[in-house]
Amino acid sequence: MRDVDGLAGDGYAELPAGQFPAFARHDLPEMGYERSRREPDWAESCRVAGRHQEVDLPTFQLSGWYDIFSQGTLDNFTAMRQAGRPR
């Protein structure tokens, strides 16, 4: 929890820049965060925005009142509905 609580102050600026130290300290799997920083084109290929017609499987969209990504969640839900995807 100390790592999570400290992210805003210094966690994201912690060196080395190639590997996220909090992941390394706790032996957590990488899951794409570091690759997205190394390969911006790969990260862009993972974006759903503007590609909702291509999504052909159920999606689970979850957000919260104070979630910094809530607008993206709402945008994706709305776009999926406009693309004719069921709720």
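Cut-offs used in this document
Residues numbered from 1 in each chain as written. Predicted model: local features only at pLDDT ≥ 70, side-chain atom pairs only at ≥ 80, totals over all residues. Heavy atoms only, no water. Helix = DSSP H or I, 4+ residues; strand = E, 2+ residues; numbered from the N terminus. Contact = heavy atoms within 4.5 Å. Areas by Shrake-Rupley, 256 points an atom, 1.4 Å probe, with all protein chains shown as cover. Salt bridge = Lys/Arg side-chain N within 4 Å of Asp/Glu carboxyl O. Buried < 20%, exposed > 50% of the residue type's maximum accessible area, 1.4 Å probe, protein only. 1 Å grid on protein atoms, 1.4 Å probe; cavity = no way out; pocket = protein on both sides within 12 Å on 5 of 7 lines; lining within 4 Å. Points joined across faces, edges and corners; volume = space filled by probe spheres on them. Nonpolar A, V, L, I, M, F, W, Y, C, P; charged D, E, K, R; others polar. Polar contact = N/O pair within 3.5 Å; in protein donor to acceptor, adjacent residues only side chain to side chain. Expected span 1.5 Å × (residues − 1). Arc of directions from axis to C-beta.

Peer 1: For this particular structure, what's the right way to read the overall build of the chain?
Peer 2: Each helix and strand counted, the chain has five helices and zero strands in total. In the chain, the share of contacts with a sequence separation of at least 24, taken over all contacts with a separation of at least 6, comes to 24%. Taken as a whole, the chain presents about 7,500 Å² of accessible surface, with 57% of it coming from carbon and sulfur.

Peer 1: Hey, could you run me through the pattern of salt bridges in this one?
Peer 2: By the definition in use, this model includes three salt bridges. The closest approach of N and O atoms between arginine 47 and glutamate 44, which form a salt bridge, is 3.6 Å. What makes glutamate 44 exposed here is its relative accessible area of 51%. The residue arginine 51 makes a salt bridge to glutamate 54 at a minimum N-O spacing of 3.2 Å.

Peer 1: Would you explain the environment of glutamate 30 in this entry?
Peer 2: Examined against the element boundaries, glutamate 30 turns out to sit in the loop between helix H2 (21-25) and helix H3 (33-38). Residues glutamate 30 and phenylalanine 20 lie 10 residues apart in sequence; the distance between their C-alpha atoms is 8.6 Å. Aside from chain neighbours lying at most four places away, what touches glutamate 30 is Phe23 and Arg35.

Peer 1: What is the right way to look at the layout of surface pockets in this model?
Peer 2: Gaps left between atoms show up when a probe the size of a water molecule is rolled over them. Taken as a whole, the largest pocket holds about 360 Å³ of empty space. Forming the walls of the largest pocket are Arg47, Val48, Ala49, Val55, Thr59, Gln61, Ile68, Phe69, Gly72, Thr73, Asn76 and Met80. Of the residues belonging to the lining of the largest pocket, the class tally is six nonpolar, five polar and one charged.

Peer 1: What should I look at first to understand the side chain of histidine 52 in this one?
Peer 2: With respect to the helices, strands and loops of the structure, histidine 52 is situated in the loop between helix H4 (40-45) and helix H5 (70-82). Polar contacts involving the side chain of histidine 52 include one to the side chain of asparagine 76, which spans 2.7 Å. Sequence-distant contacts of histidine 52, that is, excluding residues within four places in its chain, are made with Asn76, Ala79, Met80, Ala83 and Arg85.

Peer 1: Even after reading the chapter, I still don't get H5, so can you show me in this structure?
Peer 2: Given 3.6 residues per turn, any residue in an α-helix points the same way as the ones three and four places further on. Helix length check: H5 (13 residues) gives 18 Å between terminal C-alpha atoms against 18 Å at 1.5 Å per residue, within 8%. Among all positions of H5, only Thr73, Ala79 and Met80 are buried. Projected onto a plane normal to the axis of H5, the buried residues spread over an arc of 135° and lie on a single side. Facing away from the buried side of H5 by over 90 degrees, the exposed positions are Leu74 and Gln82. Of the residues trailing H5, glycine 84 is marked for its positive phi of about 85°.

Everything listed is a geometric property; what it means functionally is a separate question.
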